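What follows is the residue order along each chain.
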Protein chains: 2
Amino acid sequence: MKKTDGSRSPVDRPRDAFREAHRSGGTSGPTGRISADELAPNFEKMNGLIPAVAQEYRTREVLMVAFMNQEAWDLTLTTGYAHYYSRTRKAIWKKGETSGHLQEIREVLIDCDNDSVLLLVNQVEGSACHTGNRSCFYRTVFPAP
Amino acid sequence: MKKTDGSRSPVDRPRDAFREAHRSGGTSGPTGRISADELAPNFEKMNGLIPAVAQEYRTREVLMVAFMNQEAWDLTLTTGYAHYYSRTRKAIWKKGETSGHLQEIREVLIDCDNDSVLLLVNQVEGSACHTGNRSCFYRTVFPAP
């Protein structure tokens, strides 16, 4: 089974690695070589979108959930910075482009049925949320105080 | 700011606490008391659904992403076990009901714009994924090996 706890060493490859990885499509899983097609997100299931979770790669804090379309996915892998698709603005959105709170990609994982992705990121300037909180999940519904 | 790193003490209240919390709607955030309405998910944004992320409350590993409708949300809070909505089967789904891989809720958080939720869970029997992997995110897209 893939080791995904806090002891995993951080990855800090140059941006070129993203372009190379994306071009070759080469990657591997716990059972060996997996083709690029097997790891392609299935955007058909939800009108061209998939949910993407951003998690801080050091603290393992979940920072936010947003959506990606094919273009946002491609831009994320080719640039090494998280890109999402804004459903309200109907446009691609480079996370932090105006605020400076960029998300540098450390690792990208895809789930078992290829309909959601997990980004392990270095959250630039510490906070992901437009409210100034580190994570968008700063309010507790349960347990009650 | 809410402290959400690994040093937060685990919560292990009895199931009754869920019913009580849900009935009263009482809860608080970093700036004090927040009303139940403020913490209600907005299901309108995506045809009655919101994405829900399940994260292991001890290891902070992201286990899976699924969707909830209002009923799944209510059942999660009233029973203390994660419930989702299956888009393919068009039905409520109690996670682990047949496999035994239940998810006991430890904490529920909602994001800044109320359109996604984060469940901190005790993953019963260790694995969330139908493949037998601990997490559904067991395949790495980047970096290439």
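Please read these numbers as outputs of a predicted model, since none were measured by experiment.

## Some remarks on the pairing of strand β8 (residues 117-123) of chain B
Residues and elements named next belong to chain B. Counting buried positions along β8 yields six of seven residues, so the element is predominantly enclosed. Summarising the sheet, strand β3 (residues 50-56) and β8 pair through five bridges and their orientation is parallel. The partner of Val53 across the bridge, within β8, is Leu118. Alignment of strand β7 (residues 103-110) against β8, held across seven bridges, turns out to be antiparallel. Across the sheet, residue Gln103 finds its bridge partner in β8, namely Gln123. What sits between the antiparallel neighbours β7 and β8 is a turn of six residues, in which Asn114 has the positive phi angle 60 degrees.

## Remarks on the sheet that holds β8(B)
By definition, the strands of a sheet pair up through backbone hydrogen bonds, in either a parallel or an antiparallel sense. In space, the five strands of this open sheet follow the order β9(A)-β7(B)-β8(B)-β3(B)-β4(B), with mixed pairing throughout. At either margin of the open sheet sits one strand with a lone partner, and together these are β9 (139-142) of chain A together with β4 (62-68) of chain B. This sheet shows a mean twist of 30 degrees between the axes of neighbouring strands, independent of strand direction.

## Focus on the confidence of the model for chain A
Reading fine detail from the predicted coordinates is not recommended where pLDDT is low. Residues and elements named next belong to chain A. Across chain A, the average pLDDT comes to 83, with 76% of residues at 70 or higher. The low-confidence segment residues 1-19, where pLDDT is below 50, has 26 contacts with residues more than four positions distant or belonging to other chains. Contacts of residues 21-32 to residues separated by more than four positions or lying in other chains number 28 contacts, the stretch itself having pLDDT below 50. Overall fold confidence for the complex sits at a pTM of 0.80, while the interface term, ipTM, reaches 0.80.

Cut-offs applied
- Counting of residues starts from 1 at the beginning of each chain's written sequence and follows it residue by residue.
- Following the order in which they are written, the chains are lettered starting with A and the ligands numbered starting with 1.
- Given that the model is predicted, a residue must reach a pLDDT of at least 70 before its local features are reported, and side-chain atom pairs must reach 80 or more before they are shown or counted; all residues, however, enter totals for whole chains, interfaces and linings.
- Counting other C-beta atoms within 10 Å of each residue's C-beta, where C-beta atoms are placed from the backbone, gives the exposure class: buried for 20 or more, exposed for 12 or fewer, partly exposed between.
- Where helices and strands are cited, they refer to DSSP runs of H or I of at least four residues and of E of at least two residues respectively, numbered from the N terminus.
- Each pair of strands is called paired provided DSSP finds at least two bridges between the two strands.
- What counts as an axis is a line fitted to C-alpha atoms, over the stretch in contact for a helix, and the angles between N-to-C directions run from 0 to 180 degrees.
- pLDDT is a per-residue confidence score from the predictor, ranging from 0 to 100.
- The contact criterion used is a C-beta to C-beta distance within 7 Å, with each C-beta placed from the backbone.

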